[in-house]
Amino acid sequence: MHVSITRRHYKDKLYETTLLRRSYREGGKVKSETLANLSHLPPETIALIRQSLAGKTHVEAGVDWEIERSLPHGHVAAVWAQAKALGLAELMGSPSPERDLAMALVIARVLRPASKLATTRWWQTTTLASDLAVSDASTDDVYAAMDWLAERQADIEKRLARRHVADGDLVLYDLSSSWVEGSHCSLAARGYSRDGKTGRAQIEYGLMTDAAGRPISVEVFAGNTADPTAFVSAVEVVRQRFGLSQVVMVGDRGMITTARIEAIKGLGGLGWVTSLRAPSIRALAEGGALQLSLFDEANLAEITDHPDYPGERLVACRNPALAAERARKRAELLDATEALLAPIAASVQAGRLVGADKIGLRVGKHINRHKMAEHFTLEITNTSFAYRRDTPAIDAEAALDGIYIVRTSVGADRLDAGAVVDAYKGLKVVEADFRSLKAIDLDLRPIRHWTEARVRAHVFICMLAAYVVWHLRRAWAPLCFTDEQPPPRTDPVAPARRSPKAQTKASTRRVGDNQPAHSFATLLDELATLTRNTIVFAGGVRVDKLSVPTPTQRHTFELINATIPVTLNAK
């Protein structure tokens, strides 16, 4: 049987008739007959009859079906789509259960950073677990996948370096630390804490990025490793593992020390950019090589052929905004130090504190709390205590406020003075990566693993997650407060400026289509409301159906050049 429509004209009018007909054979011929005239029925009823004859089953609206489960899906699908576009699974290796688990751990770290046990509980509440076939994974399976991934770290990083860095490029490197929970980790040691967790055991890790801040390698060290030692290891990674001999390494003044520079010179081909410490700047000023008159007409000046820095270029910069900030901060710290010393002087004057040794001990506890001891002159006797500011020392330091000197081995034919300063200031992108790793996005800290291999694997998973986040943040910049197109810097020393468009987003909290502007975290929350719903009909038929995406949700997938998948393909 079938539904047919016939049309005929009668007296300049078109008449349409809908008939239910059947076809049959009689005497070897195909014949048809009309069973009913359906023209009087509503169009939607006719459509139902037509679909029923085609074999489709219908149920009454709101009856004989239910939503069996609704799982957050949009945020998982978006991060998975970006990881797929980056070829992250292929970077890890051939398809295997361990690779699926490693991928799930990276995606989970982007979406909901937590302990490995908490992660295996969380992904059950999203579509991640079922789609990547990790629903039944135990913590032992997760640890086995971490061990599997750690064995491939060197090869993965080599592929990332081949993808993003070539000879002649800048390579940025910096060191950070995170504290350790427990007392069993062999890498845990007390050292200089960049988390402000003084006295806590920690690990350290060096992050290497390309010039844009894209993470390409991470290495874990014991918590008491000195910056220069980590830098030597980074140089070996670049030269031996990555096979690069002509790159320019950029690191801060604590990383690339004079001793390390002498070692690098013997390698040949490898350039570097760093900066001088304050005592070295003061020595240049006292020796006459650095004169304030250099900055009368420009805020940077190059010093070449200095006998203390043979074969190097020094680019001296003065930033008035930085000078004003340092002057303000010094004044505050001097006032704070005097506030600590005043009660001691009062106690001595009242006779409650006597004896030069006791007075000295009390003063010693406070004089350098704010690192201002060198700016005070003290007079201590058995019965008196007086202090005053060392004005000549303060004035000498203030004269160099806002001045910093960038030091490099790279010739002017490769980097002019402004480009040298830009290269050093590029370290800010590594600092941004550390903020993403440690706090804003990925919560690398604290370290809860006991074995050295698992600690290294944990940090590596966080780095791979940071690699995905780096690309997502740039793709989603039109929806977030991120400055999509920062103005070109005509002055490398002056503070960076935001574009008018970014300032508008910040003031209105809206993006171009009048949608709310998001942070990276709130955009992921918005995506999580895009759910995948399992609908069960009478007879046990199950259908997976996505909720209708909002305009913002559609836009996020368009920005990463992806369609919204109903399911994730683990292969």
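Each residue is numbered by its place in its chain's sequence as written, counting from 1. The predicted nature of this model means local features are confined to residues of pLDDT at least 70 and side-chain atom pairs, given and counted, to a pLDDT of 80 or more, with totals for whole chains, interfaces and linings taken over all residues. Hydrogens and water molecules were not included; the side-chain quantities draw on all heavy atoms of the structure.

1. Concerning the overall build of the chain
Only DSSP runs of H or I reaching four residues or more are called helices, and only runs of E reaching two or more are called strands; each is numbered from the N terminus. Secondary structure summary: the chain contains 20 helices and 16 strands in total. The quantity called the radius of gyration is restricted to C-alpha atoms. Its globule counterpart is 2.2 Å times the number of residues to the power 0.38. A compact globule built from 571 residues should have a C-alpha radius of gyration of about 25 Å, whereas the chain, at 34 Å, is more than 25% larger. Overall size of the chain, expressed as C-alpha extent along the three principal axes, is 130 × 55 × 50 Å. For the chain, with 571 residues in total, the buried portion stands at 44%. Long-range pairs, those at least 24 residues apart, make up 64% of the contacts in the chain between residues at least 6 apart in sequence. About 28,900 Å² of surface is accessible on the chain, with carbon and sulfur atoms providing 51% of the total. Residue exposure (1.4 Å probe, protein chains only): buried if accessible area is under 20% of the type maximum, exposed if over 50%, otherwise partly exposed. The contact definition used throughout considers only heavy atoms, calling two residues in contact when any of these lie within 4.5 Å. We get accessible surface area from the Shrake-Rupley algorithm with a probe of 1.4 Å; when it comes to residues, only the shown protein chains can shield them.

2. Quick word on unusual backbone geometry
Residue R445 is joined to P446 through a cis peptide bond whose omega torsion reads -5°. With respect to the secondary-structure elements, P446 resides in the loop between α16 (427–440) and α17 (452–475). In this structure, R509 takes a positive phi of about 60° despite not being glycine. With respect to the element layout, R509 can be found in the loop between α18 (500–508) and α19 (520–528). Here N561, not a glycine, exhibits a phi torsion of approximately 55°, which is positive. With respect to the helices and strands, the residue N561 is situated in the segment after α20 (551–559).

3. Points about the side chain of H458
Tracing the backbone shows H458 in helix α17. Once you skip the residues sitting within four places of it in the chain, H458 turns out to touch R109, K116, M146, L444, I447 and H449.

4. Quick word on the sheet that holds strand β16 (residues 542–546)
Any two strands with at least two DSSP bridges between them are considered paired. Overall, antiparallel pairing links the three strands, which are arranged β4-β15-β16 in an open sheet. One side of each edge strand has no neighbouring strand; the edge strands of this open sheet are β4 (65–72) and β16. Within the sheet, the average angular offset between the axes of one strand and its neighbour, ignoring direction, is 25°. Of the strand pairs in this sheet, β4 and strand β15 (residues 531–537) are connected by seven bridges, and their pairing is antiparallel. Looking at the pairing, S70 lines up with N533 of β15. Note on geometry: axes are C-alpha line fits, over the in-contact stretch for helices, and angles between N-to-C directions span 0 to 180 degrees.

5. Regarding the nonpolar core
Counting 117 residues, the largest nonpolar core has M92, W123, Y173, L464 and W476 as its most contacted members. Considering every element that reaches this core, the biggest residue donor is α17, with 15 residues. Grouped together as the second largest cluster of nonpolar side chains are 13 residues, I344, A345, V363 and I367 included. What is meant by a nonpolar core is a set of buried Ala, Val, Leu, Ile, Met, Phe, Trp, Tyr and Cys residues, joined one to another through side-chain atoms within 4.5 Å.

6. A few points about the packing of aromatic side chains
Classification of ring pairs rests on two measures: the distance between centres of Phe, Tyr or Trp rings, Trp counted by its six-membered ring, which must be within 6.5 Å, and the angle between planes, read as stacked under 30 degrees, edge-to-face over 60 and tilted in between. In total, this model carries five aromatic pairs according to the counting rule given. Just above the ring of W179 sits the side chain of K197; from NZ or CZ to the centre is 4.7 Å. A positively charged side chain is recorded as over a ring if its NZ (Lys) or CZ (Arg) lies within 6 Å of the ring centre. The angle to the ring normal must also be within 35 degrees.

7. Details of the sheet that holds strand β10 (residues 300–304)
Across the sheet, which stays open at both edges, the eight strands sit in the order β7-β6-β5-β8-β9-β14-β11-β10 with mixed pairing between neighbours. Single-partner strands in this sheet number two, and they are β7 (215–222) and β10. Taken pair by pair, the neighbouring strands of this sheet meet at an average axis angle of 20°, ignoring direction.

8. Observations concerning a negative patch on the surface
A cluster of like negative charges, contributed by E98, D136, D140 and D141, occupies part of the molecular surface. Turning to its location among the elements, D136 is positioned in the loop between α6 (128–131) and α7 (139–151). A relative accessible area of 76% means that D136 is categorised as exposed. The patch calculation keeps residues exceeding 30% relative accessible area without a salt bridge and links them within 9 Å when they carry like charges or within 5 Å when they are nonpolar (Val, Leu, Ile, Met, Phe, Trp, Tyr). Definition used for salt bridges: Asp or Glu carboxyl oxygen within 4 Å of a side-chain nitrogen of Lys or Arg. We count Lys and Arg on the positive side and Asp and Glu on the negative side, and we leave His and both chain ends out. Charge positions are represented by NZ for Lys, CZ for Arg, CG for Asp and CD for Glu.

9. Digging into the pairing of β7
On a regular strand, one side chain projects to one face of the sheet and the next to the other, so that they alternate. Of all the eight residues making up β7, six are buried; the element is thus mostly covered by neighbouring parts of the structure. In this structure, strand β6 (residues 202–210) lies alongside β7, joined through seven bridges in antiparallel fashion. Looking across to β7, one finds that T209 is bridged to P215. The antiparallel hairpin formed by β6 and β7 contains four residues in its connecting segment, where G213 sits at a positive phi of about 95°.

10. Some points on the packing of α7 against α17
Relative placement of two packed helices is described by the angle separating their axes and the distance separating the axes. At a closest axis distance of 9 Å, the pairing of α7 and α17 adopts a crossing angle of 80°. As judged from the angle between their axes, α7 and α17 are roughly perpendicular. Residue-level inspection shows Y143, M146, D147, L149 and A150 of α7 in contact with α17, the latter providing A453, R454, A457, H458, F460, I461 and L464. Gly counts as polar in this scheme, as do all residues outside two lists: the nonpolar Ala, Val, Leu, Ile, Met, Phe, Trp, Tyr, Cys and Pro, and the charged Asp, Glu, Lys and Arg. The residue inventory of the contact of α7 with α17, partitioned by class, reads nine nonpolar, one polar and two charged. Any angle that is under 35 degrees is reported as roughly parallel, and any over 145 degrees as roughly antiparallel; angles of 65 to 115 degrees are reported as roughly perpendicular and all others as oblique.

11. Some words on the layout of surface pockets
We place a 1 Å grid over just the protein atoms. Points where a 1.4 Å probe fits but has no way out form a cavity, open points with protein on both sides within 12 Å along at least 5 of 7 lines form a pocket, and any residue with an atom within 4 Å of a point lines it. Grid points are joined across faces, edges and corners, and a volume is the space filled by probe spheres set on the points. Empty space within the largest pocket amounts to approximately 1,800 Å³. Considering the residues around the largest pocket, the lining is formed by 45 residues, among which R253, L322, R326, Y404 and Y424 are closest to the centre. Among the residues making up the lining of the largest pocket, the classes are represented as 17 nonpolar, five polar and 23 charged. Looking at the second largest pocket, it is lined by 32 residues, and the ones nearest its centre are V429, A432, R474, T482 and D483. Breaking the lining of the second largest pocket down by element, the ones donating at least two residues are α15 (417–425), α16 and α17. Split into classes, the residues belonging to the lining of the second largest pocket amount to 14 nonpolar, five polar and 13 charged.

12. With respect to the confidence of the model for the chain
Low pLDDT marks stretches whose predicted atomic positions should not be read closely. Per residue, pLDDT measures the predictor's confidence, with a range of 0 to 100. For the chain, per-residue confidence averages 90 on the pLDDT scale, and 96% of positions sit at 70 or higher. Across the chain, the element-wise mean pLDDT spans from 64 in strand β1 (residues 2–10) up to 97 in helix α2 (residues 74–85).

13. Considerations on empty space enclosed by the protein
Inspection of every chain in the model, using the stated rule, returns one cavity of 30 Å³ or more. Taken as a whole, the largest cavity holds about 50 Å³ of empty space. Lining the largest cavity are L105, A108, R109, R112, P113, A114, K116, T119 and I461. Of all the secondary-structure elements, those providing two or more residues to the lining of the largest cavity are α4 (97–111) and α5 (116–122). In terms of residue count, α4 provides more of the lining of the largest cavity than any other element does, three residues in total. Residues of the lining of the largest cavity, tallied by class, amount to five nonpolar, one polar and three charged.

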